[in-house]
Amino acid sequence: MALDIGPKTIGIFTEAIGEARTIVWNGPMGVFEVAPFAKGTFKIARAVADNVGATSIVGGGDSVSAVRAAGVAR
């Protein structure tokens, strides 16, 4: 069962997101509703929000909930 992504994957994804000009995100990184497994999803949400030069599309109910829970919804 995939519950979250780890630090290396967070780093790889964050770097790629930072360089992207278009981001389409559908699906959280794990079980973000359970606090011990929210870190990966929240870090990715922050990376997407921090890339102000990109066009970002977040789709799917769980992804939208994750972005709101991470406090980065716009």
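Quick note: structure is the one above.
Rules behind the numbers
- Residues numbered from 1 in each chain as written.
- Predicted model: local features only at pLDDT ≥ 70, side-chain atom pairs only at ≥ 80, totals over all residues.
- Heavy atoms only, no water.
- Helix = DSSP H or I, 4+ residues; strand = E, 2+ residues; numbered from the N terminus.
- Buried < 20%, exposed > 50% of the residue type's maximum accessible area, 1.4 Å probe, protein only.
- Contact = heavy atoms within 4.5 Å.
- Areas by Shrake-Rupley, 256 points an atom, 1.4 Å probe, with all protein chains shown as cover.
- Lys, Arg positive; Asp, Glu negative; His and termini not counted.
- Charge placed at Lys NZ, Arg CZ, Asp CG, Glu CD.
- Pairing = 2+ DSSP bridges.
- Right-handed = clockwise from strand over helix to strand, strands pointing away.
- Polar contact = N/O pair within 3.5 Å; in protein donor to acceptor, adjacent residues only side chain to side chain.

**Section: the overall build of the protein**
Counting its secondary structure elements, the protein contains 3 helices and 2 strands. Ordered by position in the sequence, the α and β elements of the protein form the string α-β-α-β-α. On the principal axes, the C-alpha backbone points of the protein span a range of 30 × 25 × 20 Å. Looking at the protein as a whole, 31% of its 74 residues are labelled buried. The contacts of the protein with a sequence gap of at least 6 include a subset with a gap of at least 24, amounting to 76%. When the accessible surface of the protein is split by element, carbon and sulfur atoms take 58% of a total near 4600 Å². The protein carries 7 positive and 6 negative side-chain charges, and their two centres are separated by 5 Å.

**A closer look at the pairing of strand E2 (residues 55–59)**
Consecutive side chains of a regular strand alternate in pointing toward one face of the sheet and then the other. With 5 bridges connecting them, strand E1 (residues 22–26) and E2 associate as parallel partners. Looking across to E2, one finds that Val-24 is bridged to Ile-57. In the classification by handedness, the crossover that spans E1, the intervening helix H2 (residues 39–50) and the parallel E2 is right-handed.

**Describing the side chain of Asn-51**
Along the chain, Asn-51 turns up in the loop between H2 and E2. A polar side-chain atom of Asn-51 sits 2.9 Å from the main-chain carbonyl oxygen of Ala-20. Discounting residues that sit within four places of it in the chain, Asn-51 has contacts with Ile-17, Gly-18, Glu-19, Ala-20, Arg-21 and Ile-23.

**Considerations on the environment of Gly-30**
Summarising the element assignment, Gly-30 is placed in the loop between E1 and H2. Placed 10 residues apart in sequence, Gly-30 and Gly-40 show a C-alpha to C-alpha distance of 7.3 Å. Apart from residues no more than four positions distant in its own chain, Gly-30 is found in contact with Ala-2, Leu-3, Asp-4 and Thr-41.

No statement about biological role is implied by the geometric values presented.
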